[in-house]
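# Chain and residue survey
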Amino acid sequence: MIKTCIFDLDGTLLNTLISIETRLCEVLEKYGVRRVSTDQTRRFVGDGARELVIRALNADESFSYTEEKLNEITKVYVDSYNANPYDLTVPYEGIEDSLAALKRKGMKLAVLSNKPDATVKQLCEKFFPGIFDVCFGARAGVALKPATEGVEEILKILGVSASETAYFGDTAVDVNTASNYGAGLNVGVLWGFRDFEELSEAGASVLLREPSDIKKLFSEE
């Protein structure tokens with residue numbers, strides 16, 4: 001029986017795509033790097049801020065950079081984004097209703113993201129106050145998804161086993177995370193940043209087309 005639901009944040013709970021793209025392009029322009037498109041941003045996110053910046057820089061073949069410059073640009077991007085993480089960001093339609101329905105059923109709810117930890121906590125408090133029992137983002141010394149360290153910490157805090165959890169995410173990174181820790185239900189969501197093919201090929205056991213489908217998963221329990 002599923003007792004806990006763990007959610008990715010970007011592309012699963014919140015539509016942050018335009019926010020990320022806007023802040024990223026502002027920083028790229030500052031350093032003379034070609035802007036990225038919305039479709040590129042959609043493909044580049046999912047593995048943390050540093051990897052996002054690397055992919056954006058590599059997309060401009062005329063731009064070369066050192067490790068020191070990469071670290072600098074990544075910090076400028078993170079600081080710029082964190083200065084106003086709510087800008088151009090909205091919950092996906094139907095998400096709040098589904099989360100409320102899960103809470104009424106007595107589910108424990110958590111967030112695990114590769115976004116910086118402080119930003120994740122800010123966003124969860126702003127858009128979903130009082131909903132989540134645990135919210136974790138990227139933290140020093142904890143491997144990013146699809147590594148399982150963050151999930152294992154959540155399971156310990158909430159006192160549940162892996163098989164008692166459902167994991168929801170919109171990318172192959174999320175599906176692989178769920179597979180790696182042995183989630184009882186590995187759920188890919190199709191309203192986010194990636195498509196059916198990616199999630200299906202990664203091995204999602206369930207694919208949902210809209211946020212209202214989340215509560216339907218447990219309607220008969």
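Here we summarise the structure given alongside this text. Here the structure is a predicted model, which is why all the values come from computation and not from measurement. (Residues numbered from 1 in each chain as written. Predicted model: local features only at pLDDT ≥ 70, side-chain atom pairs only at ≥ 80, totals over all residues. Heavy atoms only, no water.)

What follows covers the packing of aromatic side chains. Evaluated as defined, the whole model comprises seven aromatic pairs. Relative to F132, the ring of F7 has its centre 6.2 Å away and its plane inclined at 70°; by these criteria the two rings are edge-to-face. One end of the pair, F7, is in strand β1 (residues 4-7); the other, F132, is in the loop between α6 (117-127) and β5 (134-138), and 125 residues separate them in sequence. By relative accessible area, F7 is classed as buried at 0%. F132 sits in the buried class, given a relative accessible area of 13%. Arranged with centres 6.3 Å apart and planes meeting at 70°, the rings of Y167 and Y181 form a pair that is edge-to-face. Residue Y167 is located in strand β6 (residues 165-169), and its partner Y181 is located in helix α8 (residues 172-181); the two are separated by 14 residues in the primary sequence. Assigned by exposure class, Y167 and Y181 land together as buried. Above the face of the Y86 ring, K126 is positioned so that its terminal group lies 5.4 Å from the ring centre. Taking NZ or CZ as reference, R139 lies 3.8 Å from the ring centre of F136, over its face. (Phe/Tyr/Trp six-rings, centres within 6.5 Å; stacked < 30°, edge-to-face > 60°. Helix = DSSP H or I, 4+ residues; strand = E, 2+ residues; numbered from the N terminus. Buried < 20%, exposed > 50% of the residue type's maximum accessible area, 1.4 Å probe, protein only. Lys NZ or Arg CZ within 6 Å of the ring centre and 35° of its normal.)

Below, the discussion takes up the side chain of T148. Structurally, the position occupied by T148 is in the loop between β5 and α7 (149-158). A polar atom in the side chain of T148 sits 2.7 Å from the side chain of E152. Residues within four places of T148 in sequence aside, it is in contact with T177, N180 and Y181. (Polar contact = N/O pair within 3.5 Å; in protein donor to acceptor, adjacent residues only side chain to side chain. Contact = heavy atoms within 4.5 Å.)

If you look at the biggest cluster of nonpolar residues, it comprises 54 residues, and the most contacted ones within it are C5, F7, L13, Y77, F132 and F168. Each residue touching F168, except ones within four places of it in the same chain, is listed here: C5, I6, F7, D8, T12, V187, V189, L208, I214, L217 and F218. Membership of the second largest hydrophobic core comes to 15 residues, among which are V151, L158, Y167 and Y181. (Core = buried A, V, L, I, M, F, W, Y, C linked by side-chain atoms within 4.5 Å.)

Let us now look at α8. Where burial is concerned, most of α8 is hidden: seven out of the 10 residues are buried. The set of residues buried in α8 consists of A172, V173, D174, V175, T177, A178 and Y181. On its buried face, α8 sits against β1, β4 (108-116), α7, β6, β7 (185-189) and α9 (196-202). Measuring from the side-chain oxygen of the N-cap residue of α8 to the backbone nitrogen of V173 gives 3.2 Å; that N-cap residue is T171. Just downstream of α8, G182 is the residue with a positive phi angle, here 80°.

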